[in-house]
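For reference, the chains in residue letters:
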Amino acid sequence: MDIDITRAATTPPTPYANTLSMVIRSFKGRRDVEVHLFRASWTPEDERAQDWDALITPPSAPDDPSRRVVMEAFSDVERDRLANYLKEQYSTRLTAIRSVPLAFPVPAGMAGLSQAQPDKDIGFIEFAKIPSYPLDIPLRGLYDLSRHLPLVEEE
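A brief structural summary. (Residues numbered from 1 in each chain as written. Predicted model: local features only at pLDDT ≥ 70, side-chain atom pairs only at ≥ 80, totals over all residues. Heavy atoms only, no water.)

Here the focus is the overall build of the protein chain. In terms of regular secondary structure, the protein chain is built from 4 helices and 8 strands. When the helices and strands of the protein chain are read in sequence order from the N terminus, they spell out β-β-β-α-α-β-α-α-β-β-β-β. Its C-alpha atoms give the protein chain a radius of gyration of 16 Å, near enough to 15 Å, the size a compact globule of 155 residues would have. By its C-alpha atoms, the protein chain is 50 × 30 × 30 Å across when sized along the principal axes. Here the protein chain holds 155 residues, and the buried ones make up 38% of them. Sequence separation of 24 or more characterises 76% of the internal contacts of the protein chain that already satisfy a separation of 6 or more. Put simply, the protein chain shows about 8,800 Å² of open surface, and 52% of that area lies on carbon and sulfur atoms. (Helix = DSSP H or I, 4+ residues; strand = E, 2+ residues; numbered from the N terminus. Rg over C-alpha atoms; globule rule 2.2 N^0.38 Å. Buried < 20%, exposed > 50% of the residue type's maximum accessible area, 1.4 Å probe, protein only. Contact = heavy atoms within 4.5 Å. Areas by Shrake-Rupley, 256 points an atom, 1.4 Å probe, with all protein chains shown as cover.)

If you look at the biggest cluster of nonpolar residues, it comprises 23 residues, and the most contacted ones within it are Met-22, Leu-37, Leu-86 and Phe-127. Of all the secondary-structure elements, those providing two or more residues to this core are β2 (18-27), β3 (30-39), α4 (76-89), β5 (94-101) and β8 (139-144). Filtering out sequence-adjacent residues up to four positions away, Leu-86 remains in contact with Met-22, Leu-37, Ser-91, Leu-94, Ile-97 and Phe-127. One finds Val-70, Ala-73, Leu-102 and Val-106 within the second-largest nonpolar core, a separate group that totals 10 residues. (Core = buried A, V, L, I, M, F, W, Y, C linked by side-chain atoms within 4.5 Å.)

What follows covers the sheet that holds β2. Sheet architecture is open: 6 strands sit in the order β1-β5-β2-β3-β8-β7, paired in mixed fashion. The open sheet has two free edges, formed respectively by β1 (2-5) and β7 (122-126), since each of these has just one partner strand. Pairwise comparison of adjacent strand axes, ignoring direction, gives a mean angle of 20° for this sheet. Bridge count between β1 and β5: 4 bridges; the pairing is parallel. Bridge assignment links Asp-4 to a residue of β5, and that residue is Arg-98. (Pairing = 2+ DSSP bridges. Axes fitted to C-alpha atoms, helices over the stretch in contact; angles between N-to-C directions.)

With that out of the way, let us pick up unusual backbone geometry. For the bond from Thr-57 to Pro-58, the omega torsion is -15°, close enough to zero to count as cis. Examined against the element boundaries, Pro-58 turns out to sit in the loop between β4 (56-57) and α3 (66-71). In this structure, the amide linkage connecting Phe-104 to the following residue, Pro-105, adopts the cis form with an omega of -5°. Assignment of secondary structure puts Pro-105 in the loop between β5 and β6 (106-107).

When the terminal C-alpha atoms of α4 are compared, their 20 Å separation across 14 residues agrees well with the 20 Å that a helix rising 1.5 Å per residue should span. Turning to α4, its buried residues number three or more, namely Glu-78, Arg-79, Leu-82, Ala-83, Tyr-85 and Leu-86. Within α4, the buried residues cover an arc of 165° as seen down the axis, which keeps them to one side. The exposed set on the far side of α4, more than 90 degrees from its buried face, consists of Val-77 and Glu-88. (Expected span 1.5 Å × (residues − 1). Arc of directions from axis to C-beta.)

With that settled, consider the pairing of β8. For a regular strand, side chains alternate in direction, first toward one face of the sheet and then toward the other. Where β3 lies against β8, 5 bridges are found, and the strand directions are antiparallel. Across the sheet, Leu-37 pairs through a bridge with Gly-141, a residue of β8. In this structure, β7 lies alongside β8, joined through 5 bridges in antiparallel fashion. Looking at β8, one finds that Phe-124 is bridged to Leu-142.

Take the pattern of salt bridges next. Counted according to the given criterion, the structure contains 9 salt bridges. Across the salt bridge formed by Glu-126 and Lys-129, the nearest N and O atoms sit 3.7 Å from each other. With a closest N to O distance of 3.8 Å, Arg-140 and Glu-126 form a salt bridge. Of this pair, Arg-140 sits in strand β8 while Glu-126 sits in strand β7, and the two are 14 residues apart along the sequence. A residue is classified by how much of its surface remains accessible, and Arg-140, at 21% relative accessible area, is partly exposed. Several salt bridges share partner residues, and in doing so they unite Arg-7, Asp-76, Arg-79 and Asp-80 into one network. (Salt bridge = Lys/Arg side-chain N within 4 Å of Asp/Glu carboxyl O.)

Written out as structure tokens, the structure is:
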């Protein structure tokens, strides 16, 4: 399994600065499916504690969807806990775990991962519904099957 964790070169303006994804060897009839992981919920206090003028450009309105981009990201500690969990729990099923820091400031108007609309190809993995999921991080994953080759070639 390829594990690539890129750390921020400088101290980010928020603890929620890390994206995380995993690549599942075989998922729903597709191969090497990339799943973008994100925090599914957070407290209003955590959101209010952010310096939004430093995090989003131009300065964000309270309903700017770009706030979700930041709040869905992970702290360094969360990223490391999640990467270790994935590595230990799914070592035979994953081909990669990747993390890169967000680039700040985030452009205003970007949609968060949670705002994707599920359809026949796009869906969510809800880790809280997995009985063996032990972490207190409200983790979800977004996938798009249309971006990946089928396991069996169609004729």
